[in-house]
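# Descriptive analysis of the structure
Residue strings, one per chain:
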Amino acid sequence: VQLVESGGGLVQPGGSLRLSCAASGFTFSSYVMRWYRQAPGKEREWVGFISAAGGSTAYADSVLGRFTISRDNAKNTVYLQMNSLKPEDTAVYYCNAVFVGTKHNYWGQGTQVTVSS
């Protein structure tokens, strides 16, 4: 099982980034996918999720209206489109795969996003 995030980097306030999380080793289309983030000195924070089929999403209030989660089950990949980025969005971003009702819960290694001028 592997989740590999990519797309992080340094961006100016107001800018955009798109993170990707490529999955392998499990039936991706059966898993709810979540994004979390962790800023220095803070606890890991839930960002949002997308249902297995992609028909449902939900977001934390802090990113609602700015971030969008999507997935391509044919490519075993989930995305996090981040717009109107703020310095407080600076964190390591992690993707998480969950098979609801089971113990199957997998994490990626994270990708750093830094929002700074």
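Report on the accompanying structure. Predicted, not measured: the structure shown is a model, and the values here were computed from it. (Residues numbered from 1 in each chain as written. Predicted model: local features only at pLDDT ≥ 70, side-chain atom pairs only at ≥ 80, totals over all residues. Heavy atoms only, no water.)

### Let's talk about the nonpolar core
One finds Leu3, Met33, Trp35, Leu80, Met82 and Tyr93 to be the most contacted residues of the largest nonpolar core, which totals 30 residues. Of all the secondary-structure elements, those providing two or more residues to this core are β3 (17-24), β4 (32-38), β5 (45-50), β7 (67-72), β8 (77-82), β9 (91-98) and β11 (111-115). (Core = buried A, V, L, I, M, F, W, Y, C linked by side-chain atoms within 4.5 Å. Buried < 20%, exposed > 50% of the residue type's maximum accessible area, 1.4 Å probe, protein only. Helix = DSSP H or I, 4+ residues; strand = E, 2+ residues; numbered from the N terminus.)

### Side note on the environment of Asp89
As for its position among the elements, Asp89 is in the loop between β8 and β9. Sequence separation between Asp89 and Ala23 is 66 residues; the distance between their C-alpha atoms is 24 Å. If near-sequence neighbours (up to four positions away) are discounted, Asp89 is found in contact with Arg37, Arg66, Phe67, Ser84, Val113 and Val115. For Asp89, the side chain forms a polar contact with the side chain of Arg37, separated by 2.9 Å. (Contact = heavy atoms within 4.5 Å. Polar contact = N/O pair within 3.5 Å; in protein donor to acceptor, adjacent residues only side chain to side chain.)

### Remarks on the state of the cysteines
Counted according to the given criterion, the structure contains 1 disulfide. Covalent S-S linkage joins Cys21 and Cys95, the inter-sulfur distance amounting to 1.9 Å. Note on the Cys21 and Cys95 pair: the S-S dihedral is about 50°, so by sign convention the disulfide is right-handed. Here Cys21 is found in strand β3, whereas its partner Cys95 is found in strand β9, with 74 residues between them in sequence. For Cys21, a relative accessible area of 0% corresponds to the buried category. (Disulfide = S-S within 2.5 Å.)

### A few points about the pairing of β8
Counting buried positions along β8 gives 5 out of 6 residues, so the element sits mostly inside the fold. Taken together, the 6 bridges between β3 and β8 define a ladder with antiparallel strand orientation. Residue pairing across strands places Leu19 opposite Leu80, the latter belonging to β8. In terms of strand pairing, β7 meets β8 through 6 bridges, oriented antiparallel. Directly across from Ile69, in β8, lies its bridge partner Leu80. (Pairing = 2+ DSSP bridges.)

### Brief notes about the sheet that holds β7
Spatially, 4 strands are ordered β1-β3-β8-β7 in an open sheet, and the strand pairing comes out antiparallel. At either margin of the open sheet sits one strand with a lone partner, and together these are β1 (2-6) and β7. Within the sheet, the average angular offset between the axes of one strand and its neighbour, ignoring direction, is 15°. (Axes fitted to C-alpha atoms, helices over the stretch in contact; angles between N-to-C directions.)

Shape is all these values report; function is a separate question.
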